[in-house]
Amino acid sequence: MALAGVAAPAIELRALRKHYGSRAALRGIDLAAAGPQILGVVGPDGAGKTTLLRALAGLLEVEAERSIVLGFDLREDTAPLRAKLGYVPQSFGLYRELSIRENLLVTGRLHGLPDRAIAARGEMLLGRTGLRPFIDRPAGALSGGMKQKLAIASALLAEPRLLVLDEPTAGVDIVARDEIWAILNERRAEVLIVVSTSYLNEVEMCDRLAYLEGGRVVAAGSPAELRAATPFELYRVWGAAPRAIAREARELAFVSGVAATGQYARIEVPSERSPGEAAVRAALERLPGVVLAEAAAIDIEAMMRALAATASEATPVGARA
Amino acid sequence: MKLARLLVLMRREALATLRDPFTVSILIAVPLVALLLFSSILSTSVEYLPMGVLDLDRSPASRRLVAGLAATRSFQPIALANRDQLDEMLRDGGLSLALVLPDGLDRGLRPDLGPAGPGRARPQVQVIYDGAETVLAGNAESFLGATMAATALGDAGVPAIVRASGASAGSGSVVRVVTRALFNPALDGKPYMVAGTFGFVLSFATTLIIAVSVVNERAAGTFEQLQVTPATNLEIVLGKVLPLGAVFSLDVILMMLAAGFLWGVWPAGSAVFFLLVSTFYQVVSLSLGLIISATSATAQEAVAKTVLLATPLIQLSGFALPIDNMAWAFRWFAEVIPATHYIRVSRAIYLRGEGPLDVAGELGVIVLMGAGLVALALRAVGRRA
């Protein structure tokens, strides 16, 4: 699926498939991306996110009608491609017995960088990640967040054109997560970053999204485009007892999802079932204890729920936009 | 392949290995423990074996033979009064074997009475052993033959017959004693087992450690991380196996020194040649380890596969059991096992002091097998998921 405004794609996949024995992990991925940006790969567990990222990194044997990444074909020898990208796997893959400094030296030297360049770039990256005070600590003795920051620093050391990160903030505390995203944000104008994530706020930070379900990209576009294409209406219903309001709202025929926060109930109405905004608001305001019902802009949570709900139909949301 | 990248990978592997105390202790302890255990427990040495002596001749010749056997410290002669006592003690386990020296032994040996002929039968010494202890008795039999050959009896050409008691006693199988210990006349089992233990360590331990090490790296993600660098698969594999190979070469030296200083077992041939052969043989085992690692998802699976694969192979390689005693199908199968050829070379150098030309045939087989396994290993490791 080509993303809007793409020219001379750094990633161009058409009908990309990957089987593990008889099990199909990717069933025909269509995806294109070009130029520096953050491309988020999202979707439920088992959708094929990790497989897609490993395929992009040239680590898998794949079948495809077209599978070009940085000008290299994934169906052929991917060694030249792998030398040009940075890859951060889901689990820490650097050497636990080696210190931060030694790990960066190994990575830099394997990329053929002179020691002086490794030291200079390493200094900058360690300063940015806050790892400088721990430079001689074995990687195995670092916290989860520090390990991920080291992995990202190592992946960025050789200044790759493509950076692939598989859930880099999974299991990482909120401070480290913000630091990791700050690093990615700094590079979004320079590098094509492909990142998978399960966090809604991180989804919002991506320039573009590819939503996977069952080994296929079922929606792609910018968060705004996908929100606009979301076939849902979202309402906030204010009252003294949001939980009770949410319970009552669930009984309404056109409501598909409810949630209660401390201040209001959040009501989702599929567009196809909606009797219209005025009618929905009127019905909601008739519920006991309701002070006000108002239409709200589709948020990322509603968008993701809508994508999950419509994914089984395998209809590309982006295509409808 | 770039030497600079290979050196980076090798240095990395060496650093990581040296910083892991468990791996270091395994690399040192396994070869030494194997050497000590196998050379002691599986040793085929004959020492102070209880040997009944039924001396029906009671002559200077018979006493000389018994004294000669006792002096070797391999046998502990126990005088028997009669054949019934001999049978009873063999049945009870009080004896491992018994020697029956016939009446007329001394007279039969006297040269002045002329050579043995139709009218004058040569004296026959009878050796009876417990058929349930075939390995031990077999070694004793060989040793006895060798010792007798070195005595006046042997010089006089006294044939000995050996009869198994117990299960096969009824069959009355009679065999000639054949002296086989041309290069190990004392039949000391330690050199034999020391030379064989190199085969065990370099076949089993090497394969196991490389397989587990690579599987662990893959599980930890470090192999995948290396694959997204300019390092080629060949560099990655060599960067892993060369430092480990160097450690195993040091292990060979360590084992040679331990065997030498502990038991006085030094190679009869060139120690340098033995080290070179052993270092090259690791190519075979390391390749096998890489193939196992490429087909194993976890370290447990790699261990299980190595044990399942290596144990029968080592048993059939002649490490502990003589190949000549196996059924013909197993004898043929033993020839396709690399360890068989390495152990032959090892024993040839250690026991017989043979050089490169003497073992060229066996070395050729090892080289061919090594080339095949290296090709398979590179294909297996280089394959993407």
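Everything numeric in this text was worked out from a predicted model, so none of it was measured.

**A closer look at the overall build of chain B**
What chain B contains, in helices and strands, is 15 helices and 6 strands. Residues classed as buried in chain B amount to 49% of the 385 residues present. Across chain B, contacts joining residues at least 24 apart in sequence account for 77% of those joining residues at least 6 apart. Approximately 17900 Å² of chain B is accessible, and the part contributed by carbon and sulfur atoms is 65%.

**Comments concerning the packing of helix α4 (residues 115–129) of chain A against helix α6 (residues 174–187) of chain A**
Residues and elements named next belong to chain A. The contact between α4 and α6 brings their axes to 9 Å, and the two run at 130 degrees. As the angle between them shows, α4 and α6 are arranged oblique. Two secondary-structure elements touch here, α4 through Met-124, Leu-125, Arg-128 and Thr-129 and α6 through Glu-179, Ala-182, Ile-183, Glu-186 and Arg-187. Its residues assigned to classes, the contact of α4 with α6 comprises 4 nonpolar, 1 polar and 4 charged.

**Re unusual backbone geometry**
Residue and element names in this part refer to chain A. Even without being a glycine, Ala-15 presents a positive backbone phi close to 55 degrees. If you trace the backbone, Ala-15 turns up in strand β1 (residues 11–20). Positive phi, normally seen in glycine, also occurs at Glu-159, with a value near 50 degrees. As for its position among the elements, Glu-159 is in the loop between α5 (144–156) and β7 (162–166).

**Notes on the confidence of the model for chain A**
Residues and elements named next belong to chain A. Here chain A shows a mean pLDDT of 88. Residues at 70 or above account for 94%. Here residues 1–7 scores under 50 on pLDDT; set against residues more than four positions off or in separate chains, the count is 20 contacts. In this model, residues 314–321 is a region of pLDDT below 50 whose contacts with residues beyond four sequence positions or in other chains number 19 contacts.

**Focus on the nonpolar core**
Among the nonpolar cores identified, the biggest contains 73 residues, and Phe198(B), Phe274(B), Leu290(B), Tyr342(B) and Tyr350(B) are the most heavily contacted of them. For this core, the element with the most residues is helix α8 (residues 189–220) of chain B, which contributes 16 residues. If we skip the residues at most four places from it in the chain, Leu290(B) touches Ile210(B), Val214(B), Val237(B), Val241(B), Ala377(B) and Val381(B). Membership of the second largest hydrophobic core comes to 50 residues, among which are Phe92(A), Ala155(A), Leu165(A) and Val195(A).

**Here's the deal with a nonpolar patch on the surface**
Residues and elements named next belong to chain B. Residues Leu-250, Ile-253, Leu-257, Phe-261 and Trp-266 make up a contiguous nonpolar surface patch of roughly 530 Å² in combined accessible area. Residue placement: Leu-250 occurs in helix α10 (residues 233–263). Owing to a relative accessible area of 58%, Leu-250 belongs among the exposed residues under this scheme.

**A short note on the confidence of the model for chain B**
Residue and element names in this part refer to chain B. Looking at chain B as a whole, its pLDDT mean stands at 79, while 77% of the residues score no less than 70. Below pLDDT 50 for its whole length, residues 164–187 participates in 41 contacts with residues either more than four positions away or in separate chains. Scored as a whole, the predicted complex attains pTM 0.71, and scored at its interfaces, ipTM 0.77.

**Considering the interface of chain A and chain B**
Of the residues lining the interface, 29 residues belong to chain A; the matching set on chain B comes to 22 residues. Both faces combined, the contact of chain A with chain B buries some 2500 Å², and carbon together with sulfur accounts for 56% of it. Inspection of the chain A/chain B interface yields 2 salt bridges. Taken together, chain A and chain B are joined by 6 residue pairs in polar contact (both at pLDDT 80 or more). Contributions of two or more residues to the side of chain A that touches chain B are made by β6 (85–88) and α3 (100–110) of chain A. The leading source of residues in the side of chain A that touches chain B is α3(A), at 4 residues. Its residues assigned to classes, the side of chain A that touches chain B shows 14 nonpolar, 5 polar and 10 charged.

**A look at the sheet that holds strand β9 (residues 208–213) of chain A**
All names here are of chain A. Across the sheet, which stays open at both edges, the 6 strands sit in the order β6-β7-β8-β3-β9-β10 with mixed pairing between neighbours. The sheet is open, and its two borders are formed by β6 and β10 (216–221), each paired with just one other strand. Direction aside, neighbouring strands of the sheet carry axes that sit 15 degrees apart on average. Pairing between β9 and β10: 5 bridges, direction antiparallel. Bridge pairing links Glu-213 to Arg-216 in β10. Across the sheet, α5 is in contact with β6 and β7; its angle to β6 comes to roughly 170 degrees.

**Topic: the packing of α3(A) against α5(A)**
Between two packed helices, the angle of one axis relative to the other and the distance separating the axes together describe the packing. Residues and elements named next belong to chain A. Between α3 and α5, the least distance of the axes is 9 Å, while the angle of their chain directions is 30 degrees. Of the possible angle classes, the one that applies to α3 and α5 is roughly parallel. Between α3 and α5 lies a crossing of right-handed hand. Each of Ile-100, Asn-103, Leu-104 and Thr-107 in α3 lies in contact with α5, whose residues at this interface are Leu-150, Ala-153 and Ser-154. Looking at side-chain class alone, the contact of α3 with α5 contains 4 nonpolar, 3 polar and no charged residues.

**Remarks on the pairing of strand β2 (residues 23–33) of chain A**
Extensive coverage of β2(A) is indicated by the burial of 8 of its 11 residues. The turn joining β1(A) and β2(A), which pair antiparallel and follow one another in sequence, is formed by 2 residues; a positive phi near 65 degrees is taken by Gly21(A).

**Quick word on the sheet that holds strand β13 (residues 264–270) of chain A**
All names here are of chain A. Across the sheet, which stays open at both edges, the 4 strands sit in the order β12-β13-β11-β14 with antiparallel pairing between neighbours. For this open sheet the edge positions go to β12 (257–260) and β14 (290–296), each flanked by a neighbour on one side alone. Recorded for the sheet is a direction-independent mean angle of 20 degrees between the axes of neighbouring strands. Relative to β13, strand β11 (residues 232–239) is paired through 7 bridges, and the arrangement is antiparallel. Across the sheet, residue Arg-236 finds its bridge partner in β13, namely Arg-266. Here helix α9 (residues 242–250) sits on the sheet and contacts β11, β12, β13 and β14; the angle it forms with β12, its principal contact strand, is near 170 degrees. Here helix α10 (residues 277–285) sits on the sheet in contact with β11, β13 and β14, set at roughly 155 degrees to β14.

How each quantity is defined
Residues numbered from 1 in each chain as written. Chains lettered and ligands numbered in written order. Predicted model: local features only at pLDDT ≥ 70, side-chain atom pairs only at ≥ 80, totals over all residues. Heavy atoms only, no water. Helix = DSSP H or I, 4+ residues; strand = E, 2+ residues; numbered from the N terminus. Buried < 20%, exposed > 50% of the residue type's maximum accessible area, 1.4 Å probe, protein only. Contact = heavy atoms within 4.5 Å. Areas by Shrake-Rupley, 256 points an atom, 1.4 Å probe, with all protein chains shown as cover. Axes fitted to C-alpha atoms, helices over the stretch in contact; angles between N-to-C directions. Parallel < 35°, antiparallel > 145°, perpendicular 65-115°, else oblique. Nonpolar A, V, L, I, M, F, W, Y, C, P; charged D, E, K, R; others polar. pLDDT = per-residue confidence, 0-100. Core = buried A, V, L, I, M, F, W, Y, C linked by side-chain atoms within 4.5 Å. Patch = residues over 30% accessible without salt bridge, like charges linked within 9 Å, V, L, I, M, F, W, Y side chains within 5 Å. Salt bridge = Lys/Arg side-chain N within 4 Å of Asp/Glu carboxyl O. Buried area = accessible area lost by both parts, 1.4 Å probe. Polar contact = N/O pair within 3.5 Å; in protein donor to acceptor, adjacent residues only side chain to side chain. Pairing = 2+ DSSP bridges. Left-handed = near helix turned anticlockwise from the far one by under 90°.

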